[in-house]
Amino acid sequence: MNYKKILLPFVAGALALSLAACSEDDKATKEEKPKEETAEQATEQKEPTKEELAAAEEMKAKLAEQQVDKSEIVAVVNDEELTGAEYNTALTSIQGQMQQSGQDPTSKEAVEQVKSQVLDAIVNQTLILQKAEESKLTATEEEINKEYASYEEQFGGEEGMKEALKAEKMDVKTLKQQIGQSIVFEKYKEKAVPAKKVADKEIQEYYDQAAAQAKEAESAQELPPFEEAKEEIRGILEQQQQQELFAAHVEELKKDAKIELKI
């Protein structure tokens, strides 16, 4: 089976998940608008200047310059060829993440760093999916449809989902394939490095540190009582621990793999 891969959670999240995140951003924006907003008030909102529009177009062109030809072979992992199409998908995701954190992915210093991160991402992803296939891990139609339904709900229904897919130049079949791969990815992670229960002592230490930081920052937002926050903190710590173990596991996979970078 030759997976048509997407960028999975190891680095920047599956494209399907980024779609959902965009939906949440749109939803938040809508919720922030006053319900009484009139058409006149909407018109008064600041329009971007010519300079801002020009800068946006310039940045868009610079980002596009980092892409490679879709059919170019960018890497070979255990005799499986990875193409420019896969590279460009991961590239777009990582560029977006950098911009959100205030970094310029097109700067001279960042260009090589981005290229390295993208290649590392798609190689890691390929190794994981190859191992998942060896383990005969699959995603059922029911699991895929359930996940898809959750995305559809976040976009406000079928019509909203169609618009989102159109914007991403994607169809339902492709998205469902990618959701399936994301599910398989998570199943393999659970199989390779099952989450271990975190000790109550660690949870208390995490809570105390958060409380101290809030006090130091004179935060207006009070932390909930420890007993209320305990299980949520446990989940955070277990996830962090599992991610660290999984990263180490992938590095071990790479030692035994035949990897050739072509760009």
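Residues numbered from 1 in each chain as written. Predicted model: local features only at pLDDT ≥ 70, side-chain atom pairs only at ≥ 80, totals over all residues. Heavy atoms only, no water.

Going by what an unreviewed UniProt entry lists, the protein is known as peptidylprolyl isomerase and is assigned to Paenisporosarcina antarctica. In UniProt, the protein has this text filed under Catalytic activity (unreviewed entry): "[protein]-peptidylproline (omega=180) = [protein]-peptidylproline (omega=0)". (UniProt positions renumbered as here; feature names shortened; annotations may be inferred.)

Engineer: Run through the packing of helix α5 (residues 108-134) against helix α10 (residues 226-255), naming residues and quoting values.
Structural biologist: Put simply, α5 and α10 touch, their axes get as near as 10 Å, and they point 85° apart. With respect to their mutual orientation, α5 and α10 come out roughly perpendicular. Of α10, the residues touching α5 (which contributes D120, N124, L127, I128 and K131) are F246, V250, L253 and K254. Looking at side-chain class alone, the contact of α5 with α10 contains five nonpolar, one polar and three charged residues. (Axes fitted to C-alpha atoms, helices over the stretch in contact; angles between N-to-C directions. Helix = DSSP H or I, 4+ residues; strand = E, 2+ residues; numbered from the N terminus. Parallel < 35°, antiparallel > 145°, perpendicular 65-115°, else oblique. Contact = heavy atoms within 4.5 Å. Nonpolar A, V, L, I, M, F, W, Y, C, P; charged D, E, K, R; others polar.)

Engineer: Describe the sheet that holds strand β2 (residues 80-83), naming the residues involved and giving the relevant values.
Structural biologist: An order of β2-β1-β3 is seen for the three strands of this open sheet, with the pairing classed as antiparallel. Of all strands in the sheet, those with a lone pairing partner are β2 and β3 (259-261), marking the two edges. Pairs of neighbouring strands in the sheet enclose a mean axial angle of 20°, with direction left out of account. Bridge analysis of strand β1 (residues 73-77) against β3 gives three bridges, and the strand direction is antiparallel. Across the sheet, residue A75 finds its bridge partner in β3, namely L261. Each of β1, β2 and β3 touches α5; the most contacted strand, β1, lies at about 40° to it. (Pairing = 2+ DSSP bridges.)

Engineer: Outline the packing of helix α9 (residues 200-216) against α10, listing residues and values.
Structural biologist: At their nearest, the axes of α9 and α10 sit 9 Å apart, and the two run at 105° to each other. Regarding the angle of α9 to α10, the classification is roughly perpendicular. The residues of α10 that touch α9, namely those facing D200, E202, I203, Q204, Y206 and Y207, are F226, A229, K230, I233, R234, I236 and L237.

Engineer: Quick one: what's the story with the side chain of E238, residue by residue and with numbers?
Structural biologist: Topologically, E238 is positioned in helix α10. Although E238 lies buried, it forms no salt bridge, and the closest oppositely charged side chain, R234, sits 5.0 Å away as judged by the N-O distance. Not counting residues within four places of it along the chain, the set of residues in contact with E238 comprises K196, K197 and V198. (Buried < 20%, exposed > 50% of the residue type's maximum accessible area, 1.4 Å probe, protein only. Lys, Arg positive; Asp, Glu negative; His and termini not counted. Salt bridge = Lys/Arg side-chain N within 4 Å of Asp/Glu carboxyl O.)

Engineer: Any chance you could break down the pattern of salt bridges for me, citing the residues and the numbers?
Structural biologist: Applying the stated rule across the entire model yields 14 salt bridges. Across the pair E159 and K162 runs a salt bridge, and its minimum N-O distance is 3.8 Å. Taken together, the residues span about one helical turn, with E159 and K162 both in helix α7 (residues 158-167) at a distance of three residues. Under the relative-accessibility criterion, E159 is labelled exposed at 54%. The residue R234 makes a salt bridge to E231 at a minimum N-O spacing of 3.2 Å. In this pair, R234 and E231 are both assigned in helix α10, three residues apart and thus about one turn of the helix distant. Residue R234 is classed as buried on the basis of its relative accessible area of 9%. Taken together, the shared-partner salt bridges connect D200, K230, E231 and R234 into one network.

Engineer: Got a sec to walk through the nonpolar core? Specific residues and values, please.
Structural biologist: Ranked by internal contacts, the top residues of the largest apolar core, which has 28 residues, are V74, L82, Y87, V118, I122, Y188 and F246. Where this core is concerned, the elements lending two or more residues are β1, α4 (84-100), α5, α8 (172-192) and α10. The leading source of residues in this core is α5, at 10 residues. For V74, the residues in contact, after removing those within four places along its chain, are V68, L82, T83, G84, Y87, L119, I122, L261, K262 and I263. Listed in part, the 11 residues of the second largest apolar core include Y148, F155, M161 and M170. (Core = buried A, V, L, I, M, F, W, Y, C linked by side-chain atoms within 4.5 Å.)

Engineer: Account for the environment of L175, with residues named and values stated.
Structural biologist: One can find L175 in helix α8. The sequence separation of L175 and L165 amounts to 10 residues, and the corresponding C-alpha distance is 8.4 Å.

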